[in-house]
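Each chain is listed here by its residues.
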Amino acid sequence: MSSTHPIKDLIVRLLGEALDTVAPDTPVSLDIERPKNATHGDFSCNVAMQLARPLKKNPRELAQHILNELPASPLVARTEIAGAGFINFHLAPAAWHGIVPRIRAEGAAYGRGDAGQGQRVLVEFVSANPTGPLHVGHGRQAALGDALCNLFATQGWAVHREFYYNDAGVQIATLATSVQARAKGLKPGDAGWPEAAYNGEYIGDIATDFLAGKTVRADDREVTASGNADDLDALREFAVAYLRHEQDLDLKAFAVKFDHFYLESSLYTSGRVEATVNTLVANGKTYEHDGALWLRTTDYGDDKDRVMKKSDGGYTYFVPDVAYHIAKWERGYTRAINIQGTDHHGTIARVRAGLQAVGLGIAEGYPDYLLHTMVRVMRGGEEVKISKRAGSYVTLRDLIEWTSKDAVRFFLLSRKPDTEYVFDVDLALAKNNDNPVYYVQYAHARICRVFEEWGGQPASLADASLAPLTAPHELALMQRLAEYPEVIATAAQELSPHLVVHYLTTLAGDFHAWYNAEKFLVDDPATRLARLALAEACRITIVNGLALLGVSAPETM
């Protein structure tokens, strides 16, 4: 598998050879960084400062000693010592030329790594209750989960996408009584309308189809309505299937697919919840108080113990979560990531405590959590809070219909998950450089237009000499392209898809600056072919990055 950053690897190799002479027996970490000030070179290393104390030498003198032993390389134009002992490397243009044929040769595989080495990871995301359409918060979660899965796949992980359906509990009962009320002719605001009912227009649609005896199909079920408004069980079964189908349509519109839909109800019917509780009791991790069964979560760092089984015999909501994560572990997923709203923060300690207490050898800190804030929607300068379809919130499908799947994905991934985000519908529709997704896609379309004007085949550029690529914008672009594998490896490791958005926006800026500064289809054949080869490498990288986000790369705009 290709190296993360070939130029950094070159510098590490050169420094390593020098250190074999200067400090052969002293362990050291070679951290190669890009200086914030471009005048300080392309890369910098603080190895002399690290070694100064153990070797009892002045860091600047030690840096000079290292440089005296540094092997010569035609790719290093010059070196210098700066500040307290930093070693700065100024590279020759030829050092960057190698990235262009590498990208063109690897194509869609450019940027991939092998950190995962075939390990399995289960990413659970969206996991919405089947009680209504998906809202924009679910959309943020869907975008995050899908992008994160794509990132893990690039690093060699075997990825499993899972949606956990909370199809049991109070909310499902509320859904059934809401549909029943509509089926019996009641509407929100009428006398007799249930106080806790769902008020969205979709409840009326479910009731109408139920009375009409319609059939609905969802991922794992097909239900035909009985039409009997007094049959609450039949209403509940139909309503859940109906809304699961609606959510399937939401996910299809957003181009998100799952490998498996896991039902909360199956944890009860299979006996997993009861078995989990019995194991915790047998392990001495519980006690009874005030008629309830408590878990000793304080033994595992929680701020207080938690009720598992209430005095009325019902389980609290984190108990099936513990049973579910035991199932994840037993299925062989030693790495599991849950993407949830920040309102789930309180459950983390108790779920992890339960998993430790069952004594199955589950790793401490399992599972990982990626928490996100909700999303506010602005349209026409005003916040939008109500959807006709949902009644009290903006749905994911609303946002897609108002803008596009590409805009929604790109925008919702553009910030760190735990930061507040305001989705500006008007900006998402703008066809100018202020719209970040347009800005990136337009860079791709511009390159496609250049190749159309040229009329040649990209394959014919394989032998093009890149020696003419020495202009500042060209060097900056090649440097940016070389960063891509490192960016996506970091984005996967830190669960931070927004790093890919930031990278693509910056890459597009580098390309647009080059495009505006230089002509591509110049008379000189060598310069023309070299610039076309660089443009093609940029196009490939943009396509690869957008694909990770689930965003298209149009050829014309």
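Scroll up a little and you will see the structure.
Residue numbers run consecutively from 1 along every chain, following the written order of its sequence. With the structure being a predicted model, the display of local features is reserved for residues of pLDDT at least 70 and the display and counting of side-chain atom pairs for 80 or more, all residues being used for whole-chain, interface and lining totals. Note that the side-chain values use all heavy atoms of the structure and ignore hydrogens as well as water.

Student: Would you mind showing me how to read the overall build of the chain here?
Tutor: Helix and strand labels come from DSSP, where a helix needs a run of H or I of at least four residues and a strand needs a run of E of at least two; each type is numbered from the N terminus. Tallying secondary structure elements over the chain gives 20 helices and 17 strands in all. Dimensions of the chain, computed from the C-alpha atoms along their principal axes, are close to 85 × 60 × 40 Å. Within the span of the chain, comprising 557 residues, buried residues form 51% of the whole. Long-range pairs, those at least 24 residues apart, make up 70% of the contacts in the chain with a sequence separation of at least 6. The positive charge centre, built from 55 side chains, and the negative charge centre, built from 69, are 1 Å apart in the chain. Exposure is judged per residue with a 1.4 Å probe applied to protein chains only, and the accessible area is read against the type maximum: over 50% gives exposed, under 20% gives buried, and values in between give partly exposed. By the convention used here, residues are in contact when the closest approach between their heavy atoms is within 4.5 Å. In this tally, Asp and Glu contribute negative charge and Lys and Arg positive charge; neither His nor the terminal groups of the chain are included. By convention, the point assigned to a charge is CZ for Arg, NZ for Lys, CD for Glu and CG for Asp.

Student: Any chance you could explain the environment of Glu 364 here in plain terms?
Tutor: If you trace the backbone, Glu 364 turns up in the loop between helix 13 (347-357) and strand 14 (368-372). For the pair Glu 364 and Tyr 300, spaced 64 residues apart in sequence, the C-alpha to C-alpha distance is 9.6 Å.

Student: Whenever I open this one, the sheet that holds strand 1 (residues 32-33) confuses me. Can you help?
Tutor: Hydrogen bonding along the main chain pairs the strands of a sheet, whether they run parallel or antiparallel. Here we have four strands laid out as an open sheet, ordered 1-2-4-3, and antiparallel in their pairing. A single partner strand is all that each edge strand has here, and the edge strands are strand 1 and strand 3 (76-82). Two strands are said to pair when DSSP picks up at least two bridges between them. With three bridges connecting them, strand 2 (residues 43-45) and strand 4 (residues 86-91) associate as antiparallel partners. By the bridge assignment, Phe 43 is partnered in strand 4 with Phe 89. Throughout, an axis means a line fitted to C-alpha atoms (over the contacting stretch in the case of helices), and angles, computed between N-to-C directions, take values from 0 to 180 degrees. Across the sheet, helix 3 (residues 59-69) touches strand 3 and strand 4, and the angle it forms with strand 3 is around 165°.

Student: Can you help me understand the sheet that holds strand 10 (residues 286-289) in this one?
Tutor: Strand order in this open sheet of three strands is 10-11-12, and the pairing throughout is antiparallel. At either end of the open sheet lies a strand with only one pairing partner, and these are strand 10 and strand 12 (306-309). For this sheet the average axis-to-axis angle between neighbouring strands, irrespective of direction, equals 45°. Sheet topology places strand 10 next to strand 11 (residues 292-295); four bridges connect them, and they run antiparallel. Among the inter-strand pairings, Glu 288 is bridged to a residue of strand 11, identified as Leu 293. Set on the sheet, helix 11 (residues 272-282) makes contact with strand 10, strand 11 and strand 12; between it and strand 11 the angle comes to about 70°.

Student: Before we go on, may I ask you to explain the environment of Lys 328 in this structure?
Tutor: Position of Lys 328 relative to the elements: it lies in helix 12 (residues 318-330). For Lys 328, a relative accessible area of 0% gives the class buried. Taking the C-alpha atoms as reference points, Lys 328 and Pro 367, separated by 39 residues in sequence, lie 9.5 Å from one another. For Lys 328, the contacting residues outside a window of four places in its chain are Leu 122, Glu 124, Glu 162, Tyr 333, Ala 336, Asn 338 and Tyr 366. In protein, a polar contact means a hydrogen-donor-capable atom and an acceptor-capable atom, both N or O and within 3.5 Å, with residues adjacent in sequence counting only if both atoms are side-chain atoms; elsewhere, any N or O pair within 3.5 Å suffices. Within the structure, the side chain of Lys 328 is placed 2.9 Å from the side chain of Asn 338, a separation counted as a polar contact.

None of the figures reported here should be taken as evidence of function without further support.
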